[in-house]
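An overview of the molecular structure
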Amino acid sequence: MKLGEARWLWMLLIAAAAAVPAASGLWLDLPASGQKCISEELNNNAVVLADYYAFIGEDYDVNATVAPTITVRVTSPYGNEIHHKEKVAHGQFAFTATEAGNYMACFSLDGDQGGKKVTVGIDWKTGIAAKDWDSVARKEKIEGLELELKKLEGAVESIHNNLYHLVSREAEMREVSESTNSRVAWFSLMALAISIVTSTLQILYLRRYFRKKKLI
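Presented here is a report on the structure given in the accompanying data block. This is a predicted model, so every value here is computed, not measured.

Glancing now at the nonpolar core. Membership of the largest hydrophobic core comes to 24 residues, with the highest contact counts inside it found for Tyr 52, Ile 70, Phe 93, Phe 107, Val 120 and Trp 124. Looking at this core, the elements that each hand over two or more residues are β1 (24-30), β2 (35-42), β3 (47-56), β4 (70-75), β6 (90-96), β7 (101-109) and β8 (118-126).

Now for the pattern of salt bridges. Going through the model one piece at a time under the given rule, you end up with three salt bridges. The residue Glu 81 makes a salt bridge to Arg 73 at a minimum N-O spacing of 2.9 Å. In this structure Arg 73 comes out as partly exposed when scored by relative accessible area, which is 38%. Here Glu 170 ties to Arg 174 by a salt bridge, and the two come within 2.6 Å at their closest N and O atoms. Of this pair, Glu 170 and Arg 174 are both found in helix α3 (residues 145-212), four residues apart, which corresponds to roughly one turn of the helix. For Arg 174, a relative accessible area of 41% translates into the label partly exposed.

Below, the discussion takes up the side chain of Glu 99. Tracing the chain through its elements places Glu 99 in the loop between β6 and β7. With no salt bridge to any partner, buried Glu 99 finds its closest opposite charge in Arg 73, at an N-O distance of 12 Å. Separated by 3.5 Å, the side chain of Glu 99 and the backbone nitrogen of Tyr 78 make a polar contact. Apart from residues lying up to four places away in sequence, Glu 99 is in contact with Leu 42, Asn 44, Ser 76, Pro 77, Tyr 78 and Asn 80.

Rules behind the numbers
Residues numbered from 1 in each chain as written. Predicted model: local features only at pLDDT ≥ 70, side-chain atom pairs only at ≥ 80, totals over all residues. Heavy atoms only, no water. Core = buried A, V, L, I, M, F, W, Y, C linked by side-chain atoms within 4.5 Å. Buried < 20%, exposed > 50% of the residue type's maximum accessible area, 1.4 Å probe, protein only. Helix = DSSP H or I, 4+ residues; strand = E, 2+ residues; numbered from the N terminus. Salt bridge = Lys/Arg side-chain N within 4 Å of Asp/Glu carboxyl O. Lys, Arg positive; Asp, Glu negative; His and termini not counted. Polar contact = N/O pair within 3.5 Å; in protein donor to acceptor, adjacent residues only side chain to side chain. Contact = heavy atoms within 4.5 Å.

Note that every value here comes from positions in space, so none of it alone points to a role or purpose.
And the structure:
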């Protein structure tokens, strides 16, 4: 492999590492009553994969014998229930967005935990970060540089889809803005016309009144 080609491939790998979104790791301290939620705005057909686990104390211990139980509920922008589990210490949910908008995941405690602080760890992945690249590598029999290039291709496609979504949103907002401006202009013309007609009628009425009273 030539030096120029090697440099070009390394530049592609660096771009892939920068473009591929990483998984979002979150920790939520749950209140004794009520619930705590997280949300993310997703485009249509976006893939989401999330793991969650509850634990008591400051640090998560995989060998802990006692774990608090929680209730988990995931809803779509229109309130459709995607995932609902009660009295679980850990779990996973995955879905493909069928509606564009804010998807919400809410967590709450099941019962009293004796005043102890309960934390929920969430590993939230979206887009190509949620894709099982190990399965892709085994299925297509690729590895190493080819796999990284495959990830780069997925990242470029994801960026293209996001840009297309932004352009579509911008076009929708521009259409709404133009429609609003047009309505405001018509409303202003109607208000001006009503003011002119009202003023004219007032003048005619006053002239008739003063003539009747022989004041003019």
